[in-house]
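# Coordinate inspection notes
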Amino acid sequence: MAGKVKVTTLVENTAGTEGTRAEHGLAFWIEWDGQHVLFDTGQSDLLAHNARQLGVDLSQADAIILSHGHYDHTGGLATAIGAAPKAIIYAHTDVAQARYARNRDGTSRSIGMTADAQTSMERAARIARTDGPTEVLDGLWVTGSIPRQSDYEDTGGPFFVDESCTVPDLLPDDQAAFFDTTDGTAVLLGCAHSGVVNTLEHIRTLAPGRKIHTVMGGMHLVAASDERMDRTVERLARLDVLRLGPAHCTGKAAVARLAYALPGRCFPVVIGTAVEFERP
Ligand SMILES: [Fe+2]
Ligand SMILES: [Fe+2]
């Protein structure tokens with residue numbers, strides 16, 4: 001069904017609109033033919049502050065998508081559900097898995113969903129489990145788990161499911177959102193812990209025959225090897241993605257490299273960045 005879609009960045013690592021504040025995290029607000037979806041929640045109640053500053057009414061959320069269980073995407077969940085108690089949460093079964101990152105000195109820190117976020121999720125009106133591809137609204141999809149096919153991509157960090165950092169966290173809950181536009185498929189990424197190439201290849205199988213036109217969100221290339229960067233850039237160029245909005249955890253060096261390698265195709269995504277799409 002034809003219509004307009006608008007995606008507004010509510011939380012990101014950089015504040016781009018006066019009165020908003022930044023934090024390490026991500027949240028997008030999707031306006032979809034009179035319906036509204038929150039994609040990730042940032043890491044705190046900053047979500048509500050930025051929403052107010054940007055004229056977004058969180059109480060209108062019909063659905064809340066969690067791209068994965070990291071604190072910087074789920075920490076604002078209590079705030080989001082508080083504002084929109086009837087919103088359906090779309091998240092993978094493993095979203096609340098305990099998770100840790102190893103620090104440089106060998107210690108670890110918890111980076112999973114906070115107890116507060118987990119409690120509010122349990123109180124939500126309904127949780128739709130997105131272990132496989134799931135339609136959130138008519139034409140708005142999440143991928144569910146993403147097959148890891150490339151041999152040069154990994155989750156992007158020293159992530160583990162145990163505090164002593166012995167069992168790697170493969171982030172099976174990592175997912176992206178996508179929808180069709182008149183120009184091709186548009187993709188929203190959380191952190192792309194499955195790998196941005198794996199994510200886009202999977203979406204190509206879910207939306208066959210459609211070119212990927214726009215990709216925006218976290219690409220977690222902050223610690224990517226030269227080989228991974230080279231091959232990622234090469235694949236993005238071959239896929240002919242026309243608009244690339246690397247944000248959040250992509251990493252400054254990776255953003256610079258993408259902008260250099262794909263001239264005229266990259267655009268900045270900061271708090272307040274809004275992108276409009278036309279549905280076919
Ligand atoms: Fe992140
Ligand atoms: Fe993450």
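Procedures and definitions
Residues numbered from 1 in each chain as written. Chains lettered and ligands numbered in written order. Predicted model: local features only at pLDDT ≥ 70, side-chain atom pairs only at ≥ 80, totals over all residues. Heavy atoms only, no water. Helix = DSSP H or I, 4+ residues; strand = E, 2+ residues; numbered from the N terminus. Buried < 20%, exposed > 50% of the residue type's maximum accessible area, 1.4 Å probe, protein only. Salt bridge = Lys/Arg side-chain N within 4 Å of Asp/Glu carboxyl O. Pairing = 2+ DSSP bridges. Axes fitted to C-alpha atoms, helices over the stretch in contact; angles between N-to-C directions. Contact = heavy atoms within 4.5 Å.

So, on to unusual backbone geometry. Of note in the backbone geometry, His220 takes a positive phi value of approximately 40 degrees without being a glycine. Note that His220 resides in the loop between β14 (212-218) and α6 (226-239). With a relative accessible area of 11%, His220 lands in the buried category. Positive phi, close to 60 degrees, is recorded for Asp240, a residue that is not glycine. Along the chain, Asp240 turns up in the loop between α6 and β15 (243-247). Residue classification places Asp240 among the partly exposed residues on the basis of a relative accessible area of 30%.

Here the focus is the pattern of salt bridges. Here the structure, examined in full by the defined rule, presents 15 salt bridges. In this structure, Asp173 engages Arg99 in a salt bridge whose closest nitrogen and oxygen atoms are separated by 2.8 Å. Of the two residues, Asp173 sits in the loop between β11 (159-160) and β12 (177-181) while Arg99 sits in the loop between β5 (88-91) and β6 (100-102), which places them 74 residues apart along the sequence. Like Asp173, the residue Arg99 is buried in the burial classification. For Arg257, the salt bridge identified is with Asp230, shortest N-O distance 2.2 Å. Of this pair, Arg257 sits in helix α7 (residues 252-261) while Asp230 sits in helix α6, placing them 27 residues apart in sequence. In this structure Arg257 comes out as partly exposed when scored by relative accessible area, which is 29%. Salt bridges here are not isolated pairs; linked through shared partners, they connect Arg99, Asp169 and Asp173.

In this section: the environment of Ala224. On the secondary structure map, Ala224 appears in the loop between β14 and α6. Looking at Ala224, the relative accessible area reads 22%, which means it is partly exposed. Sequence-wise, Ala224 and Trp29 are 195 residues apart; in three dimensions their C-alpha atoms are separated by 28 Å.

Within the open sheet, the six strands sit side by side as β9-β10-β12-β13-β14-β15. Their pairing is mixed. Whereas interior strands pair on both sides, the edge strands pair on one side only; in this sheet they are β9 (134-137) and β15. Across this sheet, the average inter-strand angle for adjacent strands is 20 degrees, counted without regard to direction. Pairing of strand β13 (residues 184-189) with β14 involves five bridges; the strand directions are parallel. Bridge pairing links Thr185 to Ile212 in β14. Here helix α5 (residues 196-206) sits on the sheet and contacts β12, β13 and β14; the angle it forms with β13, its principal contact strand, is near 140 degrees.

What follows concerns the environment of Ile89. With respect to the helices and strands, the residue Ile89 is situated in strand β5. Exposure remark for Ile89: the relative accessible area of 0% places this residue in the buried category. Those residues within four positions of Ile89 in sequence are excluded, and the remaining contacts are Ile64, Leu66, Leu77, Ile81, Met121, Ala124, Arg126, Ile127 and Ala128.

Right, let's talk about the sheet that holds β6 for a bit. Strand order in the open sheet formed by three strands is β7-β6-β11, with antiparallel pairing between adjacent strands. Of all strands in the sheet, those with a lone pairing partner are β7 (108-110) and β11, marking the two edges. Looking at chain direction, β6 and β11 are connected through two bridges and run antiparallel. Looking at the pairing, Tyr100 lines up with Phe160 of β11.

In short, geometric facts, not functional conclusions.
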